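Read off the chains here:
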Amino acid sequence: MLDQKSVETADQPEELLQCYRLDDGRQTLVLAARRARLPEVVYWGAPLPPNEDLGALAAAHRLDVTGGMLDENPDLSICPEAVRTFPGQPGLILRDTDGTPLLPKFCFDRAEQSDTTLVLHYDDTDNMLHYTAHFETDSHTRIITTRAVLEADRPVHLHWLAAPVLPAPQLSDEMIDVHGRWCGEFQLASTPWSAGMRYRENRTGRTGHEHFPGLIVPCKGATNTQGQAYAFHYGWSGGHKMIAEELPDGRRQIQFGHAARMETSPATRFETSPLYVTFSVDGLNGCAVAFQRHLRDRIVQFPNPARPRPVHYNCWEAVYFDHKLPILKDIADRAADLGAERFVLDDGWFGQRDDDTTSLSDWEVDPRKYPDGLDPLIDHVHDLGMSFGIWFEPEMINPESNLYRAHPDWALGSEDQTLGRQQKALNMALPEVRDFIYERMSAVLSAHDIDYIKWDHNRVLPAPDAAQTRGSYALIDRLRTTFPKVEIESCASGGGRIDFGILSRTQRIWLSDSNDALERLKMQHNAALFLPAAITGSHVGPRRCHTSGRTLDISFRAWVAAQRHMGFEMDPRELTLEEETVLREVTSWWKYNRTWMLRADILRLDSADPAVIAEQQMAEDGTKFVTFVGKATTSAQIAPRPLRLTRLDPSATYRITLINRANASGLSRGTPVLKENPVDLSGAYLMNHGLTLPWSFPETMWVLEGQKI
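Residues numbered from 1 in each chain as written. Predicted model: local features only at pLDDT ≥ 70, side-chain atom pairs only at ≥ 80, totals over all residues. Heavy atoms only, no water.

## Comments concerning the overall build of the protein
So, point 1. Helix and strand counts for the protein come out as 13 helices and 36 strands.
So, point 2. Against the compact-globule benchmark of 27 Å for 709 residues, the protein has a radius of gyration of 27 Å, which places it among compact chains.
So, point 3. Buried residues in the protein amount to 60% of all 709 residues.
So, point 4. Restricting the contact set of the protein to residue pairs at least 6 apart, pairs at least 24 apart contribute 69%.
So, point 5. Each charge class in the protein can be summarised by its mean position, and for the 74 positive and 97 negative side chains these summaries are 4 Å apart. (Helix = DSSP H or I, 4+ residues; strand = E, 2+ residues; numbered from the N terminus. Rg over C-alpha atoms; globule rule 2.2 N^0.38 Å. Buried < 20%, exposed > 50% of the residue type's maximum accessible area, 1.4 Å probe, protein only. Contact = heavy atoms within 4.5 Å. Lys, Arg positive; Asp, Glu negative; His and termini not counted. Charge placed at Lys NZ, Arg CZ, Asp CG, Glu CD.)

Dropping the structure here:
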């Protein structure tokens, strides 16, 4: 809705006030602009009445001034302008063609609005610049998508362009962002608000383990299941910058954009990636569900949406580079018998790839390992009823490779750069590089019945460069056009490239190179703030984890994998008969439930016991759910504390079944009802008191099914 009128103020006899409103049923966003300037967000939160007077709202939003301040508070606009004496970080920093700094001052050009979109255009006639802000609502997912575009009449140098800038709530004590490392992705960091700036920038050239481009700002009292919260995600794979700033007057702003100086060449047009934002009135889960649904239903494009997500088997931790056809066939036999439906041949099938020092970019089958090509293995896999996938690392090159010897100039960065995993990155901005890699990959995919690529990216770039990311996107887009039935998994030493930008081109992510179920339990719990189960790969790893050295029980490993898109990655020859039985049972359970579970909302539960990490996966229609209750460490108290569930109908009755009660330890000597039988309880009881579970050891998982009756 556009509201435009003239109003009188004490310091201005008459000024034009322009107001805009967007609604999606759960949140309202109101922007207001005076004197044809860039608008600022004057309201973002719970839905307002349809007849709200936006002019009165804008007037009520204005701050007082006092000593030591300007006579008027500069607008905290959607692109704060330094030229208007804005006291914080500007939303745009650029230089002219000759390097002269520019100070843009934008004025209203036109607005275009529909029921779900708002596009605002502004001109700077002195500097010959045009700024456009895009907003789009989605009443199904409750996500608002925003982006900004800058255009010039001649090439200019861009240092920083923020997506449309939004305010942070005043009733908030902290912000939560995401950091991590290899084998330790998706760790949450809480930072108190204070005067000044929280500045995070990822300059690795990929999304990174270290700086997932997300932010949650909870209001006071918010938990997973209750309270107000605001959340942001920047959908870009090349490294981002985030600014969370509290100004001297107390106002707060959130900025997201590409990492600074990523645009290495002058241009006449620049565009941010989409910034996805949402507001929740039911805690962090409201934000999480919005992101989960939007990613699954609006961004990821599945080649065959009707096909059930197959159980994976990946051979990496079974054989590494030691590919022997008889052994791989034997492993495939065992994987299929356990319930696998897709066999993925990992690194080591091409060139002279006996270790990680050689052959990246030489994408031709190794005749020493596969004298008859890949078909004997692929045919064997297909005869077992599994589909076949294969590993590539298309953007990388080893100095010890045929391509590097022929074209050392195709490598990105200096000749004496520090290598990562014995490799350099290819310069994906060069069309000839993309053409070569496309032809090599296309030849493999055309010659074989392959429906899946594990696409890896095992090193950071020597310097951030937006052209590199756009080149990678272009290669993926071209391959997907040629091979529309091939699904792609985004892997980057595990979770080093996870964002909505890469996921608009891929269908699965490898959350971490760690198959340690205890570490995975924590990572999956935190990643659910942004990622749905359908695209999050989780595998049952070896008995003794190769990355942590920890030894974990097969039941715990299997149930943690069953929380997401399930797979196996151990050597199945190591399994005992008992372990095989457990794995078959859990895999069969997952297959039976996957259709509804992979469309379920993942709800993080508020646990009274810090040792317990629990989530509730609620079916779309609300008639059933499954609750995973992981015991990460020893509890401080002896008996388990009740676990409250969430988002149930308080007046309905639910039948609760502890489906793995046979796992109860001999030290669980009491008779809680769930150890013996299902129990029927009201939603009100389950949400206000909670379930009392049997005692359990650390590094175990209880799994409960709930059915509305």
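Once the structure has been displayed, the description carries forward.
## Some points on helix α7 (residues 431-447)
So, point 1. In a regular helix each residue adds 1.5 Å, so 17 residues correspond to 24 Å; α7 covers 24 Å between its end C-alpha atoms and thus fits that length.
So, point 2. Those residues of α7 that fall on the buried side of the exposure criterion are Val-433, Arg-434, Ile-437, Tyr-438, Met-441, Ser-442, Val-444 and Leu-445. Angularly, the buried residues of α7 cover 160° about the axis, an arc narrow enough to put them on a single face.
So, point 3. The secondary structure elements touched by the buried residues of α7 are β23 (387-392), β26 (452-455) and α8 (466-482). (Expected span 1.5 Å × (residues − 1). Arc of directions from axis to C-beta.)

## Describing unusual backbone geometry
The phi torsion of most residues other than glycine is negative, and most of the peptide bonds are trans.
So, point 1. Even without being glycine, Met-128 reaches a positive phi, approximately 55°.
So, point 2. Here Met-128 falls in the partly exposed class, since its relative accessible area comes to 44%.
So, point 3. The backbone phi angle of Ser-493 is positive, close to 50°, even though this residue is not glycine.
So, point 4. Considering the arrangement of structural elements, one finds Ser-493 in the loop between β27 (487-490) and α9 (500-503).

## Things to note about the environment of Leu-120
So, point 1. Mapped onto the elements of the fold, Leu-120 is located in strand β8 (residues 117-124).
So, point 2. The class for Leu-120 is buried, based on a relative accessible area of 0%.
So, point 3. As for Leu-120 and Leu-38, which are separated by 82 residues in sequence, their C-alpha atoms are 8.9 Å apart.
So, point 4. Excluding residues that lie within four positions of it along the chain, Leu-120 makes contacts with Tyr-20, Pro-39, Arg-110, Ala-111, Tyr-131, Thr-132, Ala-133 and Phe-135.

## Here's the deal with the environment of Leu-674
So, point 1. Note on placement: Leu-674 falls in the loop between β34 (653-658) and β35 (679-682).
So, point 2. According to the relative accessible area criterion, Leu-674 is buried, its value standing at 3%.
So, point 3. If near-sequence neighbours (up to four positions away) are discounted, Leu-674 is found in contact with Ile-656, Leu-658, Arg-661, Val-679, Leu-691, Thr-692, Leu-693 and Leu-704.

## A word on the pairing of β23
So, point 1. Of all six residues in β23, six are buried; the element is thus mostly enclosed.
So, point 2. Relative to β23, strand β22 (residues 342-345) runs parallel, the two being bridged by four bridges. Across the sheet, Leu-345 pairs through a bridge with Ile-390, a residue of β23.
So, point 3. Crossover connection from β22 via helix α5 (residues 375-383) to parallel β23: handedness right-handed.
So, point 4. Pairing between β23 and β26: four bridges, direction parallel. (Pairing = 2+ DSSP bridges. Right-handed = clockwise from strand over helix to strand, strands pointing away.)

## Quick look at the nonpolar core
So, point 1. Within the largest apolar cluster, 171 residues are counted, with the highest numbers of intra-cluster contacts made by Trp-44, Tyr-131, Phe-232, Phe-343, Trp-349, Leu-531 and Phe-568.
So, point 2. By size, the runner-up hydrophobic cluster in this structure holds 24 residues, among which are Val-612, Leu-643, Ala-652 and Met-687. (Core = buried A, V, L, I, M, F, W, Y, C linked by side-chain atoms within 4.5 Å.)

## Here we look at the pattern of salt bridges
Two side chains of opposite charge can pair, provided their charged atoms sit close to one another.
So, point 1. For the structure shown, the criterion picks out 54 salt bridges.
So, point 2. The residue Asp-330 makes a salt bridge to Arg-334 at a minimum N-O spacing of 3.2 Å. One end of the pair, Asp-330, and the other, Arg-334, are both in helix α4 (residues 325-338), four residues apart, so they sit about a helical turn from each other.
So, point 3. For Asp-330, a relative accessible area of 27% puts it in the partly exposed group.
So, point 4. A cluster of three or more residues bridged by salt bridges with shared partners is formed by Arg-307, Arg-309, Arg-342, Asp-451 and Glu-487. (Salt bridge = Lys/Arg side-chain N within 4 Å of Asp/Glu carboxyl O.)

## Here we look at the sheet that holds strand β36 (residues 700-708)
To summarise the sheet geometry, strands pair through backbone hydrogen bonds and adopt either a parallel or an antiparallel arrangement.
So, point 1. One open sheet holds the six strands; their spatial order is β31-β32-β33-β36-β34-β35, and the pairing between them is antiparallel. At either end of the open sheet lies a strand with only one pairing partner, and these are β31 (601-604) and β35. Mean inter-strand twist for the sheet, computed between neighbouring axes without regard to direction, equals 25°.
So, point 2. Bridge analysis of strand β33 (residues 624-631) against β36 gives eight bridges, and the strand direction is antiparallel. (Axes fitted to C-alpha atoms, helices over the stretch in contact; angles between N-to-C directions.)

## Here's the deal with the sheet that holds β22
So, point 1. The parallel closed barrel is built from eight strands, whose spatial order is β21-β22-β23-β26-β27-β28-β29-β30. Adjacent strand axes in the sheet meet at a mean angle of 30°, parallel and antiparallel pairs treated alike.
So, point 2. Relative to strand β28 (residues 508-510), β27 is paired through two bridges, and the arrangement is parallel. Paired with Ser-490 across the strands is Ile-509, a residue of β28.

## A look at the packing of α7 against α8
So, point 1. Running from N to C, α7 and α8 cross one another at 30°; their axes reach a closest spacing of 10 Å. Considering the angle they form, α7 stands roughly parallel to α8. The two elements α7 and α8 cross, and the hand of that crossing is right-handed. Here Arg-434, Asp-435, Ile-437, Tyr-438, Glu-439, Met-441, Ser-442 and Leu-445 of α7 lie close against α8, whose contacting residues are Gly-471, Ala-474, Leu-475, Arg-478, Leu-479 and Thr-482.
So, point 2. Along the lines of polarity and charge, the residues of the contact of α7 with α8 split into seven nonpolar, three polar and four charged. (Parallel < 35°, antiparallel > 145°, perpendicular 65-115°, else oblique. Left-handed = near helix turned anticlockwise from the far one by under 90°. Nonpolar A, V, L, I, M, F, W, Y, C, P; charged D, E, K, R; others polar.)

## Structural notes on the side chain of Thr-278
So, point 1. Tracing the backbone through its elements, the reader meets Thr-278 in strand β20 (residues 275-280).
So, point 2. Only 2.7 Å separates the side chain of Thr-278 from the backbone oxygen of Arg-142, close enough to count as a polar contact.
So, point 3. Other than its neighbours up to four places away in sequence, Thr-278 contacts Arg-26, Gln-27, Trp-44, Arg-142, Ile-143, Ala-229, Tyr-230, Ala-231, Cys-287, Ala-290 and Phe-291. (Polar contact = N/O pair within 3.5 Å; in protein donor to acceptor, adjacent residues only side chain to side chain.)

## What to know about the packing of aromatic side chains
So, point 1. A full pass over the atoms with the stated rule returns 29 aromatic pairs.
So, point 2. Ring geometry for Phe-291 versus Phe-500: centroids 6.1 Å apart, planes at 80°, classification edge-to-face. Of this pair, Phe-291 sits in helix α2 (residues 283-299) while Phe-500 sits in helix α9, and the two are 209 residues apart along the sequence. For the pair Phe-291 and Phe-500, a shared accessibility class is recorded, and that class is buried.
So, point 3. Between Trp-349 and Phe-392, the ring centres sit 5.4 Å apart and the planes meet at 85°, which makes this aromatic pair edge-to-face. You can see Trp-349 sitting in the loop between β22 and α5 and its partner Phe-392 sitting in strand β23, a full 43 residues away along the chain. We note that Trp-349, like Phe-392, is buried.
So, point 4. Chaining the aromatic ring pairs together yields one cluster made of Trp-44, Tyr-230, Phe-232, Tyr-234, Phe-256 and Phe-279.
So, point 5. The ring of Trp-160 carries the charged tip of Lys-241 above its face, separated from the ring centre by 4.0 Å.
So, point 6. Over the ring of Tyr-438 we find Arg-478, and its NZ or CZ is 3.7 Å from the ring centre. (Phe/Tyr/Trp six-rings, centres within 6.5 Å; stacked < 30°, edge-to-face > 60°. Lys NZ or Arg CZ within 6 Å of the ring centre and 35° of its normal.)

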